[in-house]
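Structural overview
Here is how the chains run, residue by residue.
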Amino acid sequence: MSATQATVPAAGSPPHTSPAGRKGGRTARRSLPRRLLARPEIGALIAAIGVYLFFFAAAPSFREAGSLATVLYQASVMGIMALPVALLMIGGEFDLSAGVAVTTSALTAGMLSFQLSLNVWTGILVSLVVALAIGAFNGWVLIRTGLPSFLVTLGSFLILQGANLAVTKIFTGNVATDSIGDMDGFEQARRIFASEVGIGGVNLKITVVWWLLFAAAATWLLLRTRFGNWIFAVGGNQDSARAVGVPVKFTKIALFMGVSAGAWFTGMHLLFSFTTVQSGEGVGNEFLYIIAAVIGGCLLTGGYGSAIGPVIGAFLFGMVSQGIVYANWNPDWFKAFLGVMLLLAALVNLWVRRTATRR
């Protein structure tokens, strides 16, 4: 283990036992329930079980395998973005441009491919470069100016929102891109970003598979790598992290670029699912990503959270958004239900943390 890892332990990991915690040569261990309550995602898991049982009883169609596939699809589209947003929040920052950055990525790939008659893979790669540049810009401005990430990314949000609409109108004369469904490389790209896989007679969107793979990778990154320790360190106390040698600038810029990479992937799914993109899409989705992360146990103050938490938070979002439909309720109540769920999850997470630390 490196000196950095030993000096700055991950805030979301179980604390090391000191000699003072030993009694009679044995390590003083907490009970299993107490150790489980110490996990950041346990509050979200409790809420997810409750919501699932509620809709299972209230909506008979919710119990069908096809309905579960739809719920998982809704959760995966949200969850792919919630993962890097959660990592950024653990690192102590926000990105309010994440929602429109998804649309920017899709618009860039679609318009570049169509207007220049290129293979769509060229548009995809250029779009990735543009997305990463946006993330690097956000991180660079944050580091250079010391401004709160709320203000920096709010500015990026407004810039991208205006540019999405203006540039699309300039090149297409409309508010949407032209269809790229018949262009070279489209089918190959669609198989990667927007296809379906059959499992047990049910068609599951490929985004669900990618979502789970990304969640596994993010969990490994947080818990098994030096960079994961850096994330917890800069989110817990940036000055202390810098004092022990953590590369704060690199870590924060990399986290912003991670959000941009997630936005790029989600944008490619959007583009290859519908072949065309509306320039005004994505506004407001950044709050849904943050909500999924908060419900999953990430603190707004940084330094605490997990990758599993936002997975559960996104699954909660999928269950609520589709459960209301299956229960034949007025969908206008969705945002109200989501707000109640956010408050309850925050209260449950607070109770869980206090219970876990109570002696």
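Just so we're clear, the structure is a prediction, and the values are computed from it rather than from any experiment.

Section: the overall build of the protein chain
Secondary structure assignment for the protein chain yields 15 helices and four strands. Residue burial in the protein chain is summarised as follows: out of 359 residues, 48% are buried. Long-range contacts, defined here as pairs at least 24 residues apart, represent 77% of the contacts in the protein chain between residues at least 6 apart. Summed over its atoms, the accessible surface of the protein chain is roughly 17100 Å², and 65% of this surface lies on carbon and sulfur atoms.

Quick notes on helix α4 (residues 65-90)
In α4, a bend of some 30 degrees at Gly79 exceeds every other bend along the element. A positive phi of about 90 degrees marks Gly92, the residue just after α4.

Brief notes about the pattern of salt bridges
Applying the stated criterion across every chain, the model contains four salt bridges. Here Lys252 and Glu93 are joined by a salt bridge, their closest N and O atoms 2.6 Å apart. Taken together, the residues span a long stretch of sequence, with Lys252 in helix α12 (residues 248-274) and Glu93 in the loop between α4 and α5 (98-115) at a distance of 159 residues. For Lys252, a relative accessible area of 2% puts it in the buried group. Here Glu93 falls in the buried class, since its relative accessible area comes to 11%. As a salt-bridge pair, Glu196 and Lys205 come within 3.4 Å of each other at their nearest N and O atoms. Judged by its relative accessible area of 44%, Glu196 is partly exposed. Judged by its relative accessible area of 25%, Lys205 falls in the partly exposed class.

Focus on a nonpolar patch on the surface
Taken together, the side chains of Leu45, Ile49, Tyr52, Leu53 and Phe56 make up a nonpolar region of the molecular surface, amounting to roughly 430 Å² of accessible area. In this structure, Phe56 sits in helix α3 (residues 42-58).

Thoughts on the layout of surface pockets
Size it by volume and the second largest pocket reaches roughly 430 Å³. In terms of lining, the second largest pocket is formed by 20 residues, of which the most central are Val77, Met78, Leu270, Asn285 and Tyr289. If you list the elements that add at least two residues to the lining of the second largest pocket, you get α4, α5, α12 and α13 (285-295). Looking at the lining of the second largest pocket, its residues break down into 10 nonpolar, eight polar and two charged.

Focus on the nonpolar core
The biggest cluster of nonpolar side chains holds 93 residues, and the ones touching the most others in it are Met81, Val85, Phe193, Trp211, Phe272, Leu316 and Met319. The biggest single contributor to this core is α4, with 13 residues. Once residues within four sequence positions are removed from consideration, Leu316 is found in contact with Ala44, Ala47, Ala48, Val51, Ile295 and Met341.

Some details on the packing of α13 against helix α14 (residues 308-326)
Helix packing geometry: the angle between the two helix axes and the distance between the axes. It is the contact of α13 with α14, at a shortest axis distance of 7 Å, that shows an interaxial angle of 120 degrees. The orientation of α13 with respect to α14, classified from their angle, is oblique. Our pair here, α13 against α14, has a crossing hand that is right-handed. When α13 is examined against α14, the residues Leu288, Ala292, Ala293 and Ile295 are found in contact with a partner set consisting of Gly309, Pro310, Gly313, Ala314, Leu316 and Phe317. In terms of residue class, the contact of α13 with α14 is built from eight nonpolar, two polar and no charged.

Here we look at the pairing of strand β4 (residues 202-205)
Along β4, the buried face is formed by Val202 and Leu204; none of Asn203 and Lys205, which line the opposite face, is buried. With four bridges connecting them, strand β3 (residues 196-199) and β4 associate as antiparallel partners. Along β4, the bridge assignment pairs Ile199 with Val202. Linking two consecutive strands that pair antiparallel, namely β3 and β4, is a turn of two residues; a positive phi of about 60 degrees is found at Gly200 within it.

Re the packing of α5 against α13
Interhelical geometry of α5 versus α13 gives an angle of 125 degrees and a closest axis separation of 6 Å. It follows that α5 is oblique to α13 by the angle criterion. Residues Ala98, Gly99, Val100 and Val102 of α5 pack against Asn285, Glu286 and Tyr289 of α13. Broken down by class, the residue content of the contact of α5 with α13 amounts to four nonpolar, two polar and one charged.

Some details on the confidence of the model for the protein chain
Taken residue by residue, the protein chain gives an average pLDDT of 87. The fraction at 70 or more is 87%. Note on residues 1-28: pLDDT is under 50 here. Beyond four places in sequence and across chains, it has 30 contacts.

Calculation criteria
Residues numbered from 1 in each chain as written. Predicted model: local features only at pLDDT ≥ 70, side-chain atom pairs only at ≥ 80, totals over all residues. Heavy atoms only, no water. Helix = DSSP H or I, 4+ residues; strand = E, 2+ residues; numbered from the N terminus. Buried < 20%, exposed > 50% of the residue type's maximum accessible area, 1.4 Å probe, protein only. Contact = heavy atoms within 4.5 Å. Areas by Shrake-Rupley, 256 points an atom, 1.4 Å probe, with all protein chains shown as cover. Bend = angle between axes of the 7 residues up to and from the residue. Salt bridge = Lys/Arg side-chain N within 4 Å of Asp/Glu carboxyl O. Patch = residues over 30% accessible without salt bridge, like charges linked within 9 Å, V, L, I, M, F, W, Y side chains within 5 Å. 1 Å grid on protein atoms, 1.4 Å probe; cavity = no way out; pocket = protein on both sides within 12 Å on 5 of 7 lines; lining within 4 Å. Points joined across faces, edges and corners; volume = space filled by probe spheres on them. Nonpolar A, V, L, I, M, F, W, Y, C, P; charged D, E, K, R; others polar. Core = buried A, V, L, I, M, F, W, Y, C linked by side-chain atoms within 4.5 Å. Axes fitted to C-alpha atoms, helices over the stretch in contact; angles between N-to-C directions. Parallel < 35°, antiparallel > 145°, perpendicular 65-115°, else oblique. Left-handed = near helix turned anticlockwise from the far one by under 90°. Pairing = 2+ DSSP bridges. pLDDT = per-residue confidence, 0-100.

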